Amino acid sequence: MAAKSPSQAPHGPPENQSSDLPEVLVLKPPPLLNIYGDDFSKKFRLLKASDSPLPIDQFLATHARSVRAMLCSGSGPRINAEILRLVPSLELIVTTSAGLNHIDLAECRRLGIPVANAGDVFSEDVADMAVGLLIDVLRKVSAADRYVRQGLWAAKGDYPLGSKLGGKRIGIVGLGRIGSQVAKRLEAFGCSISYNSRKRKEFVSYPFYANVRELAANSNALIICCGLTEQTRHMINREVLLALGKEGVIVNIGRGAIIHEKEMVQCLAVGEIGSAGLDVFENEPNVPKELFALDNVVMGPHVAVFTPESFQALRDIVIENLEAFFSNKPLLSPAMDE
Ligand SMILES: O=CC(=O)O
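Residues numbered from 1 in each chain as written. Predicted model: local features only at pLDDT ≥ 70, side-chain atom pairs only at ≥ 80, totals over all residues. Heavy atoms only, no water.

As recorded by an unreviewed UniProt entry, the protein chain carries the name glyoxylate reductase (NADP(+)) and is attributed to Carpinus fangiana.

All right, on to the pattern of salt bridges then. Side chains that differ in sign of charge can pair as their charged atoms come close. Within the structure shown, the criterion is met by 13 salt bridges. We note a salt bridge from arginine 110 to glutamate 107, for which the minimum N-O separation is 2.9 Å. Of this pair, arginine 110 and glutamate 107 are both found in helix H4 (residues 105-111), 3 residues apart, which corresponds to roughly one turn of the helix. The exposure class of arginine 110 is exposed, given its relative accessible area of 60%. For glutamate 107, a relative accessible area of 15% translates into the label buried. (Salt bridge = Lys/Arg side-chain N within 4 Å of Asp/Glu carboxyl O. Helix = DSSP H or I, 4+ residues; strand = E, 2+ residues; numbered from the N terminus. Buried < 20%, exposed > 50% of the residue type's maximum accessible area, 1.4 Å probe, protein only.)

Within the fold, glutamate 263 resides in helix H11 (residues 261-269). With a relative accessible area of 21%, glutamate 263 lands in the partly exposed category. In this structure the C-alpha to C-alpha distance between glutamate 263 and glutamate 284, which are 21 residues apart in sequence, comes to 17 Å. Ignoring anything within four residues of it in the chain, the contact list for glutamate 263 reads Asn237, Arg238 and Leu241. (Contact = heavy atoms within 4.5 Å.)

With that settled, consider the site of the ligand. As a structural note, the neighbourhood of the ligand is formed by Ser97, Ala98, Gly99, Phe122, Arg255, His302 and Val305. Within the contact set of the ligand, an oxygen atom lies 2.7 Å away from a backbone nitrogen or oxygen of alanine 98. Contacts to the ligand include glycine 99, whose backbone N or O atom sits 2.7 Å from an oxygen atom. Starting from 190 Å² of accessible surface for the ligand in isolation, the protein chains cover 87%. Across the shell around the ligand, the residue classes break down as 3 nonpolar, 3 polar and 1 charged. (Near = heavy atom within 4 Å. Polar contact = N/O pair within 3.5 Å; in protein donor to acceptor, adjacent residues only side chain to side chain. Areas by Shrake-Rupley, 256 points an atom, 1.4 Å probe, with all protein chains shown as cover. Nonpolar A, V, L, I, M, F, W, Y, C, P; charged D, E, K, R; others polar.)

Annotation of the protein chain at the domain level lists domain 1 (23-117 + 308-327) and domain 2 (122-299). The gap between the C-alpha centroids of domain 1 and domain 2 is 32 Å. With 8 residues of domain 1 in contact, the opposing surface of domain 2 contributes 4 residues. Across the domain 1/domain 2 interface, buried area totals approximately 540 Å², and carbon plus sulfur atoms make up 57% of it. Per-residue buried area on domain 1 facing domain 2 is highest for Ala98, Asn101 and Ser310; these three make up 66% of the total on that side. In this assembly, domain 1 and domain 2 are joined by 0 salt bridges. Classifying every residue of the side of domain 1 that touches domain 2 gives 3 nonpolar, 5 polar and no charged. (Domains from an automatic or database assignment. Buried area = accessible area lost by both parts, 1.4 Å probe.)

For the rest of this paragraph, the subject is the packing of aromatic side chains. The full count for this structure, using the stated rule, is 6 aromatic pairs. When the centroid spacing of 6.2 Å and the interplanar angle of 35° are considered together, the rings of phenylalanine 44 and phenylalanine 326 count as tilted. Of this pair, phenylalanine 44 sits in the loop between helix H1 (31-43) and strand E2 (45-48) while phenylalanine 326 sits in helix H12 (residues 308-326), and the two are 282 residues apart along the sequence. On the basis of relative accessibility, which here comes to 1%, the residue phenylalanine 44 falls in the buried class. Among the residues examined, phenylalanine 326 registers a relative accessible area of 23% and is labelled partly exposed. Connected via pairs of aromatic rings, a cluster forms that spans Phe40, Phe44, Phe325 and Phe326. Positioned above the aromatic ring of tyrosine 36, the side-chain terminus of arginine 315 is 4.7 Å from the ring centre. (Phe/Tyr/Trp six-rings, centres within 6.5 Å; stacked < 30°, edge-to-face > 60°. Lys NZ or Arg CZ within 6 Å of the ring centre and 35° of its normal.)

Printed below as a string of structure tokens:
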């Protein structure tokens, strides 16, 4: 069934796009479209639910019955079974994120809808941020900056010593694309690397720990690089944090809910772990207020992926995935089998 044209249906998609272009459904425009929207509009007819006054379910039922491709992002809304039921012709989901936790993958599998993600375009930038947070926490870069700005150097004298990065035992949780880049960087700093992941990686010589608590017990710092799934939710709990120990550092550039945030905040507040570098949180953009007062915590507003360079690469891979789909070619970054 052909999609209704704007003149047939009130509150339809924007009229300034050629109806010959392939249709792509967008529930809420990803940040990528704020920057590169024109590049997409030249190639696809974007069916934006957010431009319509209709509630999403009515919009989908009215305008998206025949749409074959959807573009989404980690900033929502969640692509769940209810949404998928309203787009019966859907054959592809492209997400602008590396993470897939906002998509009901089991339902996509059941319906035979493939998902393409950002592939490798963010891996280096996210790995840089993980290392940046680790160095900041160990060498107290942000805390020392506050000390200088507050005039405390002249008033109180020298700042407490930080801790050396070289020689640290680093436990990487999730040795996928991002985790491997983190390992490569930290090896160059003279750290020793161990890892935990779903399976031992055949072609990797780093020691493997099937149990994340044991990895923590044998590491000075844990770096969380895995995806959020039902298996990894709250995987880093009090028991794991206690195994990491009083001097231990936790860095999270994965997803907030992989760590049991409440337990981590308590451990940090009473010194049961040493420090934390956190770019992600359980209830973004809400951050536990207790963290604001802790000098041993460095935080970012989930920005590890955000560089102009990675966004340009993201634009390319998203467009290429959509074009491949509409011309019956294989996807560039299929994500379902990872
Ligand atoms: O967090 C960002 C992403 O998953 O791309």
